[in-house]
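Breakdown of the fold
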Amino acid sequence: MDAELDVDVEEGRPALVRVSGAGDPGAWAAGHRDALRRAVARHGAVMVRGLGPRDAAEAGRMLRNLAAELMSEREAFAPRRVYEQGIYSSSKWPPNESMCMHHELSYALEVPGTMLFACLGAPSQGGATAVAEASRVLAALPADLVERFEREGWLITRSYGDEIGVPWQEAFATSDRAEVESYCAANRITFEWTGGGELRTRQRRSAVITHPEQGQRLWFNQIAFLNEWTMAPEVREYLVDVYGRDGLPFNTRFGNGDEIGEDVVQTINKTYDSVTLREPWQAGDLMLVDNLRMAHSREAFEGSREVLVAMGDPVSLDYFGEL
């Protein structure tokens, strides 16, 4: 037990802090910000139960009080509702499909150092934001697979369009093609415009990084989550049939361009499963996650679920240099 915040740690669950009589959630967050951030540095992820923000405005104030700086999302892979600047809904994803483990924006050169979540409405079943420690994932993966990804990196290909995926105007928050091209050039993204005015991009990134503060080597990517073999089989078959593999809204490959087989995706996801920590949401819960150290997922759910998201404390991954 952590004497400073009374942090309970149980096997199979993220660290949990129980609060009673907090009053104003935003004021409580401001007053306990440093202690919470120390707890996150120690445990990787911390859930706070009992704060009970009443609405999106109160939850947003609580999240802002916990982050040194909030990021605006660029290169989004799924739509979100914007509550206010820097405060979003969770990604719009079919409730009956899980979102596999991933590190937010791990394909970008600037990523959130901290993910902040606030639950206003818990589902009737499922829907947990589970977490998995990236250093444990790295240690448990087959050594030859890690060696190849560490040597080559990973490649993400994307197609932005109105019919599938996210329109490029929404993903890059602009309708100016020149601005998109400038962003791509500055962020080492290869791009092309199709005859129909759609955008296709390719970017190669590191699959293994070192935590800039704590020094752990981490499996840090979205190789499995954004791969075609993670899609529901009927969805994958339809999209490949209609658009072809090069036209999928997103897909991942080995860094040299080779296709990633279904067996590799299954191996990665099973490894995540072996070290997953989960705690079902309750309305009013807060959760802070070190986005470099911990992957997170969203499990399938039933009922209504409202979880606000903020991306805080941006970290530049550009120091890893070109692969």
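So, here is what we can say about the structure in this document.

The rules behind each value
- Residues numbered from 1 in each chain as written.
- Predicted model: local features only at pLDDT ≥ 70, side-chain atom pairs only at ≥ 80, totals over all residues.
- Heavy atoms only, no water.
- Helix = DSSP H or I, 4+ residues; strand = E, 2+ residues; numbered from the N terminus.
- Rg over C-alpha atoms; globule rule 2.2 N^0.38 Å.
- Buried < 20%, exposed > 50% of the residue type's maximum accessible area, 1.4 Å probe, protein only.
- Contact = heavy atoms within 4.5 Å.
- Lys, Arg positive; Asp, Glu negative; His and termini not counted.
- Charge placed at Lys NZ, Arg CZ, Asp CG, Glu CD.
- Pairing = 2+ DSSP bridges.
- Axes fitted to C-alpha atoms, helices over the stretch in contact; angles between N-to-C directions.
- Core = buried A, V, L, I, M, F, W, Y, C linked by side-chain atoms within 4.5 Å.
- Phe/Tyr/Trp six-rings, centres within 6.5 Å; stacked < 30°, edge-to-face > 60°.
- Lys NZ or Arg CZ within 6 Å of the ring centre and 35° of its normal.

Helix and strand counts for the protein chain come out as nine helices and 20 strands. A compact globule built from 323 residues should have a C-alpha radius of gyration of about 20 Å, and the protein chain, at 19 Å, falls within 12% of that. With 323 residues in all, the protein chain has 54% of them scored as buried. Taking all contacts inside the protein chain whose residues are at least 6 apart in sequence as the whole, residues at least 24 apart take part in 79%. Across the protein chain, the mean location of the 33 positive side-chain charges is 2 Å away from that of the 50 negative side-chain charges.

We now examine the sheet that holds strand β10 (residues 154-160). Spatial ordering of the open sheet is given by β11-β12-β10-β15, a layout of four strands whose pairing is antiparallel. Each edge of the open sheet carries a strand with a single partner, namely β11 (190-193) and β15 (250-254). For this sheet, the mean angle separating the axes of adjacent strands, direction not counted, is 15°. One ladder, built from four bridges, connects β11 with strand β12 (residues 199-205); its direction is antiparallel. Note on β12: the bridge partner recorded for T190 is R202.

Let us look at the pairing of strand β7 (residues 110-121). The buried count for β7 comes to ten of twelve residues, which makes it a mostly enclosed element. In the sheet, β7 pairs with strand β20 (residues 306-316) via ten bridges, with the strands oriented antiparallel. Bridge pairing links T114 to G312 in β20. As defined by bridge partners, β7 adjoins strand β17 (residues 286-290) across five bridges and the pair is classed as antiparallel. Bridge pairing links T114 to D290 in β17.

Within strand β3 (residues 45-49), five of the five residues are buried, which leaves it mostly tucked inside the rest of the structure. Note: strand β2 (residues 15-18) against β3, four bridges, orientation parallel. From the neighbouring strand, L16 faces β3, where its bridge partner is M47. Examined bridge by bridge, β3 and β17 share four bridges and lie antiparallel to one another. Paired with A45 across the two strands is V289, which belongs to β17.

In this section: the environment of Q266. Turning to its location among the elements, Q266 is positioned in helix α9 (residues 262-274). On the accessibility criterion, Q266 (39% relative accessible area) is partly exposed.

In this section: the sheet that holds strand β16 (residues 276-277). Ordered in space as β6-β18-β9-β16, the four strands form an open sheet in which the pairing is antiparallel. The sheet terminates laterally at β6 (99-102) and β16, the two strands that pair on one side only. Strand direction decides the pairing type here: β6 and strand β18 (residues 294-298), joined by two bridges, are antiparallel. Looking at the pairing, H102 lines up with H296 of β18.

Before going further, it helps to spend a moment on the nonpolar core. By size, the foremost hydrophobic cluster in this structure holds 54 residues, and its most contacted members are F77, F149, W219 and I268. Discounting residues that sit within four places of it in the chain, W219 has contacts with H103, A134, V137, L138, L141, F149, A207, V208, I268 and Y272. Formed by 28 residues, the second largest nonpolar core is a distinct cluster that contains V19, A59, L63 and L286.

According to the stated counting rule, one finds nine aromatic pairs in the structure shown. Between F149 and W219, the ring centres sit 5.7 Å apart and the planes meet at 80°, which makes this aromatic pair edge-to-face. Within this pair, whereas F149 is found in helix α5 (residues 143-152), its partner W219 is found in strand β14 (residues 217-219), the two being separated by 70 residues in sequence. Pair check on accessibility: F149 and W219 agree, each one buried. Each ring, one from Y160 and one from F172, has its centre 5.3 Å from the other, and the planes form 55°; the classification is tilted. Remark: F172 occurs in the loop between α6 (168-171) and α7 (177-186) and Y160 occurs in strand β10; sequence separation between them is twelve residues. Across this residue pair, the class does not change: Y160 and F172 are buried. Chaining the aromatic ring pairs together yields one cluster made of F77, W93, F225 and F250. In this structure, R148 packs its charged tip against the face of F254, placed 3.7 Å from the ring centre. One residue, R158, lies across the ring of Y107, its end atom 5.6 Å from the ring centre.

Read these as geometric descriptors, not functional statements.
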